[in-house]
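Fold and contact review
The primary structure of each chain is shown beneath.
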Amino acid sequence: DVQLIQRGMEAELKLGPRRVIPLSLFAIDHPDLVHDTLGRQLNQPRPGEYDGRFAAVVGRQSAHLAALSGNELEVLERLSNGPQALDRFAEQRTAKSGLERLVGRGLVMLSGLTPSDGAHITGKHHAWDPDAARKGAALFARKKNATGKPIAADAETIAQWIIETLVRTSAETLLRASMTEDNFMPSGSAGELLAANNQPPQSRFVAFQIGLNVPLVGLGASAETYYPDVAERLRTSVLIPEYAAVANALGAVVGYVRASAEATITQPEPGCFRVFLSDYPKTFPTFEKALAYVESNLRPLAQERAITAGAGDIDVRINRNDNVANVEGQEMLVESVVRATASGRPRMAT
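Residues numbered from 1 in each chain as written. Predicted model: local features only at pLDDT ≥ 70, side-chain atom pairs only at ≥ 80, totals over all residues. Heavy atoms only, no water.

**As for the sheet that holds strand E10 (residues 272-276)**
The five strands are arranged E11-E10-E9-E13-E12 in an open sheet whose pairing can be described as antiparallel. Of all strands in the sheet, those bounded by a partner on one side alone are strand E11 (282-284) and strand E12 (311-327). Pairs of neighbouring strands in the sheet enclose a mean axial angle of 20°, with direction left out of account. Sitting on the sheet, helix H13 (residues 287-308) touches strand E9 (257-269), E10, E11, E12 and strand E13 (330-346), and the angle it makes with E9 is about 160°. (Pairing = 2+ DSSP bridges. Helix = DSSP H or I, 4+ residues; strand = E, 2+ residues; numbered from the N terminus. Axes fitted to C-alpha atoms, helices over the stretch in contact; angles between N-to-C directions. Contact = heavy atoms within 4.5 Å.)

**Brief notes about the packing of aromatic side chains**
What the rule picks out here adds up to three aromatic pairs. Seen in terms of ring centroids, Phe-26 and Phe-54 are 5.6 Å apart; in terms of plane orientation they differ by 35°. Their pairing is tilted. With Phe-26 in helix H1 (residues 23-29) and Phe-54 in strand E4 (residues 54-57), the pair connects residues that are 28 residues apart, well separated along the chain. Of the residues examined, Phe-54 reaches a relative accessible area of 0% and is grouped as buried. Against the face of Phe-140 rests Lys-143, its NZ or CZ located 5.3 Å from the ring centre. (Phe/Tyr/Trp six-rings, centres within 6.5 Å; stacked < 30°, edge-to-face > 60°. Buried < 20%, exposed > 50% of the residue type's maximum accessible area, 1.4 Å probe, protein only. Lys NZ or Arg CZ within 6 Å of the ring centre and 35° of its normal.)

**Some words on the nonpolar core**
Ranked by internal contacts, the top residues of the largest apolar core, which has 21 residues, are Ile-265, Val-294 and Leu-298. Breaking this core down by element, the ones donating at least two residues are E9, E10, H13, E12 and E13. Top element by residues in this core is H13. It accounts for seven residues. Beyond its immediate stretch of four places on either side in the chain, Val-294 contacts Ala-263, Ile-265, Val-275 and Val-338. (Core = buried A, V, L, I, M, F, W, Y, C linked by side-chain atoms within 4.5 Å.)

**Re helix H2 (residues 31-42)**
Taking 1.5 Å per residue as the helical rise, H2 with its 12 residues ought to reach 16 Å, and the 16 Å between its terminal C-alpha atoms agrees with that figure. All of the buried residues in H2 are Val-34, His-35, Thr-37, Leu-38 and Gln-41. The buried residues of H2 occupy an angular sector of 165° when the element is viewed end-on, so they sit on one face. Those residues of H2 that are exposed and angled more than 90 degrees off the buried face are Asp-32 and Asp-36. Those residues of H2 that are buried are in contact with H1, E4, strand E5 (84-85), helix H5 (86-89) and helix H8 (130-141). (Expected span 1.5 Å × (residues − 1). Arc of directions from axis to C-beta.)

**Examining the pattern of salt bridges**
It is possible for side chains bearing opposite charge to pair when their charged atoms get close. Counted according to the given criterion, the structure contains 12 salt bridges. A salt bridge links Asp-1 to Arg-53, with the nearest nitrogen and oxygen atoms 2.9 Å apart. Of this pair, Asp-1 sits in the segment before strand E1 (2-7) while Arg-53 sits in the loop between H2 and E4, and the two are 52 residues apart along the sequence. In this structure Arg-53 comes out as buried when scored by relative accessible area, which is 16%. Its salt-bridge partner being Arg-317, residue Asp-315 comes within 3.0 Å of it at the nearest N-O pair. Through salt bridges with shared partners, a single network forms among Asp-131, Arg-134 and Glu-156. (Salt bridge = Lys/Arg side-chain N within 4 Å of Asp/Glu carboxyl O.)

**Here's the deal with the packing of H8 against helix H9 (residues 155-181)**
Relative to each other, H8 and H9 sit at 90°, their axes nearing to 8 Å. With respect to their mutual orientation, H8 and H9 come out roughly perpendicular. For the pair H8 and H9, the contacting residues are Arg-134, Ala-137, Ala-138, Phe-140 and Ala-141 in the first and Ala-155, Glu-156 and Ile-158 in the second. A per-class count over the contact of H8 with H9 returns six nonpolar, no polar and two charged. (Parallel < 35°, antiparallel > 145°, perpendicular 65-115°, else oblique. Nonpolar A, V, L, I, M, F, W, Y, C, P; charged D, E, K, R; others polar.)

**Details of helix H11 (residues 223-233)**
Residues Ala-223, Thr-225, Tyr-226, Val-230 and Ala-231 constitute the buried set of H11. Next to the buried residues of H11 lie helix H7 (115-122), H9, strand E7 (216-217) and strand E8 (238-239). Directly after H11, the chain includes Arg-235, whose backbone phi takes a positive value near 55°.

**Quick look at the sheet that holds strand E3 (residues 21-22)**
Ordered by their spatial adjacency, four strands build an open sheet running E3-E6-E4-E5, and the pairing between neighbours is mixed. Unpaired on one side and paired on the other, E3 and E5 mark the two borders of the sheet. Here two bridges tie E3 to strand E6 (residues 108-112), and the two strands are oriented parallel to one another. Looking at the pairing, Pro-22 lines up with Gly-112 of E6.

**A short note on the side chain of Thr-37**
Along the chain, Thr-37 falls in helix H2. Classification of Thr-37 as buried rests on a relative accessible area of 6%. Here Thr-37 is in contact with Asp-32, Phe-54 and Ala-85, once residues within four sequence places are set aside.

Laid out in structure tokens, this is it:
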């Protein structure tokens, strides 16, 4: 997901954290909806909040539907008739809030401008619909900066900006992780250190360069598109295995999704057991009642987090770690940490 961030008077791009369907891919399955909508939005005099954004149902698991609110079920039913453009769908506040929760639960997915669209515009990728990508980027270019001016001149400028942001962010993340692994903590940030690679030395005697001593191994369908540039930033070589394009998908199929929720029970005085689970602690007269309350709330909380993370067929297990002390001959509970862990295979959408 490509987002615009205002840093004072400057506009910056941020990638993620939400995963969305690239416009160029979404247009393959819904060409009329995408092109009609993007054309209509480009003809409007002012940019809109939801320009170039669509929503579509990606799952209707009955086990998940049972936990939905009435508002969420209503939004899901509206989308069940087919994908919709967000500028006409999310006009009502209730629809917007319900949609956000459905996206979080993995039942609905959004489509919008992504680095894959930028790659189609620049010619780095050719599998999908480059015209849809170009229209989406042109809409994004119309967004205003702090001075009220468009952030970019055209779709091509936005595409280059997105790819530059992806390469820079990836290189900074890898450098930061490598420095942590080496226990090397310089005063400058990873971004500042990499930026220094491109700066002329500030004195006649000191020349600074930083990079990796090991090659970069790229996995995923986009590895060949971006990782050579990332490796160049890190002054190293890149290795892309033969089956790199399917490595992430294979890992998702054979792996497990896990999510957890945790609560604490304390005993500040005899006959008083305090539960810390939400913003406000609750007090119970016995440990058994406090524990029953914790378990009944942790199970659905962990399950919901696992659903949001993409799990299906979820199993929830609860573990407890008690810390007990003897105070004046009487056993007192110092702290009991209760953790619910929900796990399941990744949920496959069709």
